[in-house]
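Secondary and tertiary structure notes
In case you want the letters, here they are:
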Amino acid sequence: MYSHGSESLIKQAREIQDSELQKFHSRLIKLLQGKELGHETVDSLQRLHLILSATKYTRTLPPELQKRLQSLLSSPAEQFQALSSAVLRETLPLSGQDVNYNQENISQLNSHAAALLLSQAGSRADLSSLCAQLLRTLESRQSEGPAHWLTHTLPILNTILTHSPECLTEDHVTLLSKKLVDWLRYASITQGGGASSGGFFTGPRSRQPVPIAELDGTVSSDFFTVLCVGQGFTEDQWMNVYSFSMLRHWLLTYHSVSNANSTSDTDDRSEVDGSVVSMVSATSSSSRLLPPKERLREKAFQYCQRLIEQSDRKALKRTDADLQKACLVEAVCILDCVCEEDASLVYRTFPSIKALFGRLSSDLSFARVLLPIAQFYLNHGEMAAVDCEGVWKLVFGRFPAELFNDHFLAHELLRFLRLNLESLQLRVPQYTHTFPNLLKFLAWDSPAVVDDFIDLLPSLVTSGTAVELLHTLLDLPCLSATLVLQVRSTCLPISEPGGRGLLSLDAFRNPTFRGLFLFLLRGEAGSGDTIDRLSTLHELLAETADWPRVVQCAQIVPVMLHIFFNTVITVADEKLLAHLILVMLERSSLLLNIPKYNKEIHRVFSCHLLRLCKLHPSLVVDQSHELLEFAGATANVYSREEIYTHVVWVLGEYLSVSCDSRCSVRLITSCFEALEAVLFEITSSAPPPGAARPAPRAVTALMSALAKLASRSHDLIPRVSLFLSKLRTVTRGAPVAWCSDEEDLVAIVTRGEELWSLLKAPGVAQSVLTPPPHVITPQWHRDTNVAMPLRLRVLTNLTHTK
């Protein structure tokens, strides 16, 4: 795992002697006492960290060194902050010792010092004490401490809230909610940093406060938000930005805090006692009379409404335009949160959300913003009685159709679907019919989204979509190739002089075949199950079979098919299942010719054909004509051996009166004759040119099926017995053309002899080849009326070792 040099250093660090370590500590203290800290100090701190972290037990540092390291946390150089924090984290106090969160430690806060403080907290009580100290610092005036530490307080509290929300009490929530109200709504509206108005004689005394500007350059006429710009920002403006960044998380999580030790009055205190802005807000807002949480919701609502208004301004810089989009996403999500908590805000919020959707819906570059808007419509559209049709046409229509190659949108949209699956199924009827569009994400980038579709696919399987969805899944590699052609068609010129063009791209552009590709690219289900000219489409896309994107898609299809069949048996009736069996038989020969793809699909079909017939044996009689037509085609033995073998097994196993009373002697005889003809043909002649020899499993499956059918209609026994006896004599002579492997031939002959012996006693043959259900699934070990359970228990006790 480590290189030889690294292992050597770690070994030296573990084996260092105490005397040598003390000398090293003394040398490091002298280095830290110097006025300038150079490369030697950095190297020594790195060595100390290696020594401390290489051992399993906690080492202690001399008090003087520990004091120097603590002072280094406030060093202007971040490298020394990081190294000192890492070293001190390796020497944490043992459990049971009190951690001292004093004002000096809190005032030195930066990201590395905060990491040390959080790692020192060994229990819930420690975290609660740290929260109390941090919140006390928030109540102090800015002039009472350094100007920088406030900006690190909220991230620490947010981290504690993420990992251990129970460490905050109701008092903490009340205080922080009040502070957030102040920072969000009443930050300064003038630029910080002493912005100058210009002039030759301009000095510190003549500098006038400059108002905050909007992103389009105009002077801001309302309160400060994260979308305001200036040459510098004041401390409370920075806290405004920090507050907005954690506001949604706070609204979602503060319900999890502890209600214990609550002593504050949450109804009659102003936003932040003693602050100037609180006195202003107390006289300027009627929301002062609301409890702190409700005041915070009201101010959050006002803040987000202002952000939506600011987003309509044209930004002067591209980075500011991106910031507008990001803030819109957060603003809509926050409005969704506050409306979830207070339903009365829905009616105040919907006009601005509806106007925002109308303004952005024509521009797909705002797709990231439109998804939270769709979430808002889904959560509150029913209450507000608004028409959501346009939202769903955009989300399920244009997004997948035009932005299928946008990886970020794919992740966001599929996450939206997974989080709201139940609501979508109940409130959006057209959701299940949009699978042709949604599957474009899977066809384009299968490895990245397969986990999403494993969860989503069952929700798309209904009795009305099952057949078309099965065809669509089988055509997924074709869709993948078509999407690639669509992208290339827009990027590549129609003709490239001297270049080798793609035949498939020419076909994609050809009006003659346009209908085939448009069907694959359709947006909704219902226009037809599949393409009439599938073989033509496969010929046009033959050169795409080795494209990486198409190959990856083909590897995912078997997984999706397993999920499909596992789901469809729970929603489909026998009529639909019978139709699916026909689709499997038909499509087993109509697949894009990708290496190993056909075999994998045949394997999946075979598995679920057996499962469907086992659950509903009457399906064999219902579809006996199509199954016999498939089993009677000799070519299927060579081209579709896997599924052919299982079709033959199904016919032999379930074409019986015990499975369906409609099964007549005539039906059994016609099935016997069809299988007999195939078996005779493949065992009496060499395989067609270019075709492989028939698989031994197919031969034995045919033999077994014939024996089973004959055991149910004794008039057929002489015919199958004659064939089996001839099989013994044929194999004793010259080499057999239809079986080159001697071991396989021996296995076939052995199986034939077993069946021939059974058929000599028809009654025994029927009970062995077609046993009754109570014999196949015995329950003797569970029946208390027989002696078998007692015998099993006795044998178990005898075999167990004492």
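Please read all numbers here as calculations on a predicted model, not as lab measurements.

Right, let's get into the overall build of the chain. The number of helices and strands found in the chain is 40 helices and zero strands. Buried positions account for 48% of the 802 residues belonging to the chain. In the chain, of all internal contacts separated by at least 6 residues, the share reaching a separation of at least 24 is 74%. Total accessible area computed for the chain in this model is approximately 39700 Å², and 53% of it derives from carbon and sulfur atoms.

As a further point, take the environment of Leu722. In this structure, Leu722 sits in helix α36 (residues 717–730). Residue class for Leu722 comes out partly exposed when judged on its relative accessible area of 46%.

Moving on to the pattern of salt bridges. With the rule as written, the count across this model stands at 25 salt bridges. Of the charged contacts in the structure, one is a salt bridge between Glu309 and Arg313, with a shortest N-O distance of 3.5 Å. Residue classification places Arg313 among the partly exposed residues on the basis of a relative accessible area of 23%. Measuring nitrogen to oxygen at the nearest pair gives 3.5 Å for the salt bridge that ties Arg359 to Asp312. Taken together, the positions of Arg359 in helix α15 (residues 345–360) and Asp312 in the loop between α13 (292–310) and α14 (318–341) put the pair 47 residues apart, joining distant regions of the chain. Judged by relative accessible area, Arg359 falls into the partly exposed class, the value being 31%.

Turning next to the nonpolar core. Buried together is how nonpolar side chains tend to be arranged in soluble globular proteins. Phe399 and Phe564 are the most contacted members of the largest nonpolar core, which has 215 residues in total. One finds Leu28, Ile29, Ile51 and Leu83 within the second-largest nonpolar core, a separate group that totals 22 residues.

Note on placement: Glu235 falls in helix α11 (residues 235–253). Its relative accessible area of 15% is what places Glu235 among the buried residues.

To continue, consider unusual backbone geometry. Here the phi dihedral of Ala385 falls at roughly 55°; this positive angle occurs in a residue that is not glycine. With respect to the secondary-structure elements, Ala385 resides in the loop between α16 (367–384) and α17 (389–403).

Together, Val794, Leu795 and Leu798 make up a nonpolar patch on the protein surface, roughly 310 Å² of accessible area in all. If you trace the backbone, Leu795 turns up in helix α40 (residues 788–799). What makes Leu795 exposed here is its relative accessible area of 52%.

It is worth spelling out the packing of aromatic side chains at this point. Applying the stated rule across the entire model yields 15 aromatic pairs. Ring geometry for Phe396 and Tyr431: centres 5.8 Å apart, planes at 55°, overall tilted. With Phe396 in helix α17 and Tyr431 in the loop between α19 (421–427) and α20 (435–444), this pair connects stretches of sequence that are 35 residues apart. Consider the rings of Phe508 and Phe517, whose centres lie 5.3 Å apart with planes at 70°: the pair is edge-to-face. Among the aromatic residues, ring-to-ring pairing joins Phe350, Phe357, Phe376 and Tyr377 into one connected group.

Let us now look at the side chain of Ser606. With respect to the helices and strands, the residue Ser606 is situated in helix α29 (residues 597–615). The exposure class assigned to Ser606 is buried, which follows from its relative accessible area of 1%.

Two elements in contact, α20 and helix α21 (residues 446–460), have axes whose closest approach is 8 Å; the angle formed by their N-to-C orientations is 155°. Here α21 runs roughly antiparallel to α20, going by the angle between their axes. Here α20 runs over α21; the crossing is left-handed. Packed against α20, whose contacting residues are Phe435, Leu438, Leu439, Phe441, Leu442, Ala443 and Trp444, the element α21 presents Ser446, Val449, Val450, Phe453 and Leu460 at the interface. Looking at the contact of α20 with α21, its residues break down into eleven nonpolar, one polar and no charged.

To continue, consider helix α5 (residues 78–89). When the terminal C-alpha atoms of α5 are compared, their 16 Å separation across twelve residues agrees well with the 16 Å that a helix rising 1.5 Å per residue should span. When α5 is considered as a whole, its buried residues turn out to be Phe80, Gln81, Leu83, Ser84, Ser85, Ala86, Val87 and Leu88.

By secondary structure assignment, the location of Gln324 is in helix α14. Reaching out from Gln324, the side chain makes a polar contact with the backbone oxygen of Gln310 at a distance of 3.2 Å. Those residues in contact with Gln324 that lie beyond four places of it in its chain are Leu215, Leu227, Gln310, Ser311, Arg313 and Ala315.

Before going further, it helps to spend a moment on the confidence of the model for the chain. Any segment with low pLDDT has predicted coordinates that should not be analysed in fine detail. Taken as a whole, the chain shows an average pLDDT of 82; of its residues, 82% reach a score of 70 or greater. Segment residues 94–99 is flagged for pLDDT under 50; beyond a separation of four residues in sequence, or across chains, it makes three contacts in the model.

A few words on the environment of Leu83. Position of Leu83 relative to the elements: it lies in helix α5. Of the residues examined, Leu83 reaches a relative accessible area of 14% and is grouped as buried. As for Leu83 and Leu73, which are separated by ten residues in sequence, their C-alpha atoms are 8.7 Å apart. Every residue in contact with Leu83, bar those within four places of it in the chain, is listed here: Val42, Leu45 and Gln46.

Where helix α28 (residues 574–587) meets helix α31 (residues 624–631), the axes come as close as 10 Å, and the angle between the chain directions of the two elements is 15°. Looking at the two axes, α28 sits roughly parallel to α31. Handedness of the α28/α31 crossing: left-handed. Contacts between α28 and α31 involve Ile581, Leu582 and Leu585 on the former and, on the latter, Glu626, Leu627 and Phe630.

Thresholds, definitions, all that
- Residues numbered from 1 in each chain as written.
- Predicted model: local features only at pLDDT ≥ 70, side-chain atom pairs only at ≥ 80, totals over all residues.
- Heavy atoms only, no water.
- Helix = DSSP H or I, 4+ residues; strand = E, 2+ residues; numbered from the N terminus.
- Buried < 20%, exposed > 50% of the residue type's maximum accessible area, 1.4 Å probe, protein only.
- Contact = heavy atoms within 4.5 Å.
- Areas by Shrake-Rupley, 256 points an atom, 1.4 Å probe, with all protein chains shown as cover.
- Salt bridge = Lys/Arg side-chain N within 4 Å of Asp/Glu carboxyl O.
- Core = buried A, V, L, I, M, F, W, Y, C linked by side-chain atoms within 4.5 Å.
- Patch = residues over 30% accessible without salt bridge, like charges linked within 9 Å, V, L, I, M, F, W, Y side chains within 5 Å.
- Phe/Tyr/Trp six-rings, centres within 6.5 Å; stacked < 30°, edge-to-face > 60°.
- Axes fitted to C-alpha atoms, helices over the stretch in contact; angles between N-to-C directions.
- Parallel < 35°, antiparallel > 145°, perpendicular 65-115°, else oblique.
- Left-handed = near helix turned anticlockwise from the far one by under 90°.
- Nonpolar A, V, L, I, M, F, W, Y, C, P; charged D, E, K, R; others polar.
- Expected span 1.5 Å × (residues − 1).
- Polar contact = N/O pair within 3.5 Å; in protein donor to acceptor, adjacent residues only side chain to side chain.
- pLDDT = per-residue confidence, 0-100.

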